[in-house]
Each structure stands twice: as C-alpha cells, then as structure tokens.
Amino acid sequence: MLRSHFSRLKSVTSYLAAILASSCLACALYAADPIAPPNYDEEKVPQFTLPDPLVAPDGSKIETPEQWREIARPRILELFKTEMFGQFPEADLSKVKFEEISTKPDALNGKATRKEIRIYFNYPEKTPKADLMILIPNNAKKPVPAFLMPNFQGNHTTTDDPTVTAVDAPFRTRNANEKPDDVRGVAKSRWAFDKIIDRGYAVATVYYEEIEPDKSAEFKYGVHPLFTNFDITKDDYPAVISAWAWGLSRALDCLQTVPEIDATKVVVAGHSRLGKTALWCGANDERFAAVISNNSGCGGAALSRREFGERVDRINASFPHWFTKKFHTYGSRVNDLPIDEHELIALIAPRPVYVASASEDLWADPKGEFLSCFYADPVYKLLGTDGFGGVVAPPEVNTSVGATIRYHKRTGKHDVTDFDWEKYLDFADFVFGR
Ligand code: GTR
C-alpha cells in the first residue's frame, strides 16, 4: 500500500518535472521564435473584413451564374494560384500509364474485390509511380460511386491485410529501416472500409508521398520534375500541395479505367494537409462530384484572417514547400490577402462540399472552418443550390448541419473516425440520390 502510494507519488513528481521541463522548452523555443504563439482565445480574434466573392475588384456585383462562371470564378481561381498554391500543373498525360499489379476477389471476408493499380507518371520511366489501392463492393449490380482519399503512411498501413503491397522507398516521413510489417495496419482506425463497402461505395487510396515526398522547397522530388512548363521564379510556380492535388487527378484518370466504378461519381476527400489538398484538387478538377475536407485547418477550410490556432506565418515557417513564395509574404499581413478560404470552398460550387472539424483540434480552428462554409453560401445560392441550408451558427458537437454545403464538429482530436465516415456516407447518399 505504502509502496504503491510512494510509486504513485514518484510518478506524479516525474510527471510534473516533465511538464515543467517541456513548458520551459516551449518558452525557450518561443523566446527565440519570431512567430508569436498561437492564439486560442476567441476574444483576441482581430476584426476583419472578408473579400466578397460576389463583388468584382471594380465594385460591380456578380449577379448571375454566368457572371460567376465567366468573371468571378476565373479571377478567384487565378488568385489562389498566384498568391497561395501555384498553378495546378499540366504535365504530359500521354506519359501517364496504369498497370494492374494485383487483384484479390475476396477481400474484407469476401465482401469486396481489392485491386492495386500502379500509376506511372512518366512512362516508360518506372519512377515516379504510385500504387492506387481500390476496394469495390462485390454485390454491386452496376458501377458504383467511390471515395478517393490519400493516406499518410502507405496503403499497407490502412489495413491488417498482409497481402497489400507496401511502399518500397524511404520517404521523408518514414524511417528508412522500417519493415512493412512494423507499420501494417497502424492507421486502420481511420479507414472504415467495412462501413463504406456495406453502404455500396468503392474506396481508393494512395500514399501521398509516392506522388511527391513532403520535403522542403527544392521541388526536385516525386512528380515535380515533370512540370517543366513552369518558371520557378514566378509567383504561380506550383508548390507541393498543387503537386499532390495533380496526383489525385491522375488517380481519378485511373479510376475512369475501372469498369466497376462510376467515375462521374467520385468524391475527393482528405485529412489535414491532405484536406487542404482535396479542397484545392476539387476546386481545379471539376470532374470530382464532391469534396470532403477533414480537419484541414489553416491553408484549407479555416479563414486565414481569424488568426486562430495555426496561422499563415506559422504554417509557412513549418511547411515552406506547401505554398508559393508569395504566400510567405502574407504571414504578418493576412488582411492584404486578396482571397480567403471561404472562396476556396466557393470555387467548388455548385458541387457539394463537406467540411469537418474536431472539438479538441483548435490548431485547425473549428470556428474558422465553420465560417468558411457560411461565407461560401451566397455563391452556392447564386448557382441555384440550397447552399448551407440556412445554417447561421455553429452547431452542437456531433451534429451534421447544412445541405449542399455540410459541416460538423466531432468530439475529440485531430483524426478521422468512424463517426466522420458515417456522416460522409450520409452525405454521399445525398449527393448521389441513393
Ligand atoms: C500540422 C500542420 C497542419 C496540418 C497537419 C497535418 O502539423 O500544422 O496544418 O496540415 O500538420 O497535416 O497533419
């Protein structure tokens, strides 16, 4: 008894010591860091005025769907290219080739067929390449809609299935000595494959660093060297999020070759940095029927002007390669940005979009993510949809709200959970009238 008290006391003491040490470390880091610590206090959110997507720079109003399509949308899309992500690249598509490398007809206990299709981005060169893993329901009577969502650690980390091909190269985020089975299935809680298949959808995933490693701004890796028609000194030189988004478009090209999938009904989805990527991909590639942003935060669905949680200066310092050089100049002057993230959502209109936050993920600014949906609503309405469905205030946690634009804030941390997937499946049923 005494001993257990003592050992508890000892562990509490070392815990306190660890907290003290880590907070001193944080102080030391911030002391040397010119970037201010993140703000988590709603009272300290500055006053701001958002750019109005329905007002042209000369003050004239955008009042018809045609004016949106012909005047406003191209202007805003171009601004996102020059100020933030760079061009959505073009590359020689005649060099993109697909090769089926495996088929497993009895995946998920016989419910699904699993295919692995290797995408060569510069055929006949064998690299860069990325494996698209696809699960298709076996009981479908006709081609099915699909989710396309990139993963963070390799296809083999999304499932325990020992036959899924593992990535064979050391990438930035991987340990070079790692064996595939060290990490097989480690991310499976994020992939509700059974639920997705049971609801009649296919799902495809690709390891994002096979498209391009998540490396700092030399732009020499992965698919980047294929983008030869851009000048690196120009503001609109594609940054890495653009390269990942381009890779997802090639994954859609690949899905178009799979007869069991209805490629006119593909939802592009992504979590966190890959949520930013999914939004940018959906904004550019209008073949995607709908877009899901899961906890995408700063540079994704969260309004930059709120300066809450992660801010533009912080994200540029941490991940300089994700955005254009021009975006780096806005860290201390976000009000000068001629765009904000509600307009990234508006670029997806009239196609449905789902934005999801998590209650403990303040770094991604749940309220800022909600407000982007709210302020994108007038564009969706102009285009004849029901937009955000009259939602004017953030909902209770774990409640999905909206219509063509949807939103929820799940309890818990920065993650993708079964709860999120259940909402995304309901959303897909709405999108595809199922
Ligand atoms: C964080 C980054 C976020 C988000 C996240 C992720 O470190 O600050 O913007 O993208 O990474 O992708 O997991």
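Nothing here was measured: the structure is a model prediction, and the numbers come from that model.

A.B. asks: Break down the site of the ligand for me, with residues and values.
C.D. replies: All residues adjacent to the ligand are S272, R273, K276, E310, I315, F319, W322, W363 and H414. In the model, an oxygen atom of the ligand is placed 2.5 Å from a nitrogen or oxygen of the R273 side chain. Within the side chain of W363, an N or O atom sits 2.9 Å from an oxygen atom of the ligand. Residue classes in the shell around the ligand are distributed as four nonpolar, two polar and three charged.

A.B. asks: A description of the nonpolar core should follow, citing residues and the corresponding values.
C.D. replies: Core analysis: the biggest nonpolar cluster contains 96 residues, and W68, F80, L132, I134, L148 and W280 have the highest contact counts within it. At eleven residues, helix α7 (residues 240-255) tops the list of elements feeding residues into this core. Apart from the residues lying within four places of it in its own chain, the contact partners of I134 are T113, R114, K115, I117, V203, A204, L255, V258 and I261. Residues F193, A290, Y354 and V416 belong to the second largest nonpolar core, which totals 28 residues.

A.B. asks: Now, about the sheet that holds strand β8 (residues 353-358): what can you tell me, with residues and values included?
C.D. replies: Strands sit in the order β1-β2-β3-β5-β4-β6-β7-β8-β10-β9 across an open sheet of ten strands; the sheet is mixed. Each edge of the sheet is formed by a strand with only one pairing partner; in this case those strands are β1 (97-106) and β9 (401-402). In this structure, β8 lies alongside strand β10 (residues 405-410), joined through six bridges in parallel fashion. Looking at β10, one finds that V355 is bridged to Y407. Relative to the sheet, helix α12 (residues 366-382) contacts β8 and β10, its axis offset from that of β10 by approximately 170°.

A.B. asks: Before we move on, could you go through helix α13 (residues 418-431) and cite the residues and values that matter?
C.D. replies: Counted at 1.5 Å a residue, the expected span for α13 with its 14 residues is 20 Å, and the 20 Å between its end C-alpha atoms agrees. For α13, every residue scored as buried is listed here: D420, W421, Y424, L425, F427 and A428. Axial view of α13: buried residues confined to an arc of 160°, hence all on one face. Packing partners of the buried residues in α13 comprise β4 (144-148), α5 (193-198), β7 (290-294), β8 and β10.

A.B. asks: Go over unusual backbone geometry, please, and point to the residues and values.
C.D. replies: Note on backbone geometry: most residues besides glycine have negative phi, and most peptide bonds are trans. Along the chain, Y123 connects to P124 via a cis peptide bond; the corresponding omega equals 10°. Along the chain, P124 turns up in the loop between β2 (112-120) and β3 (129-137). Cis geometry is found at the peptide bond from A349 to P350, where omega equals 5°. Examined against the element boundaries, P350 turns out to sit in the loop between α11 (341-346) and β8.

A.B. asks: Requested: an account of the side chain of H271, with residues and values cited.
C.D. replies: Within the secondary structure, H271 sits in strand β6 (residues 261-271). Among the residues examined, H271 registers a relative accessible area of 3% and is labelled buried. When near neighbours in sequence (up to four residues on either side) are disregarded, H271 contacts M149, F152, R190, N294, N295, H414, D415 and V416.

Criteria and cut-off values
Residues numbered from 1 in each chain as written. Predicted model: local features only at pLDDT ≥ 70, side-chain atom pairs only at ≥ 80, totals over all residues. Heavy atoms only, no water. Near = heavy atom within 4 Å. Polar contact = N/O pair within 3.5 Å; in protein donor to acceptor, adjacent residues only side chain to side chain. Nonpolar A, V, L, I, M, F, W, Y, C, P; charged D, E, K, R; others polar. Core = buried A, V, L, I, M, F, W, Y, C linked by side-chain atoms within 4.5 Å. Buried < 20%, exposed > 50% of the residue type's maximum accessible area, 1.4 Å probe, protein only. Helix = DSSP H or I, 4+ residues; strand = E, 2+ residues; numbered from the N terminus. Contact = heavy atoms within 4.5 Å. Pairing = 2+ DSSP bridges. Axes fitted to C-alpha atoms, helices over the stretch in contact; angles between N-to-C directions. Expected span 1.5 Å × (residues − 1). Arc of directions from axis to C-beta.

Read these as geometric descriptors, not functional statements.
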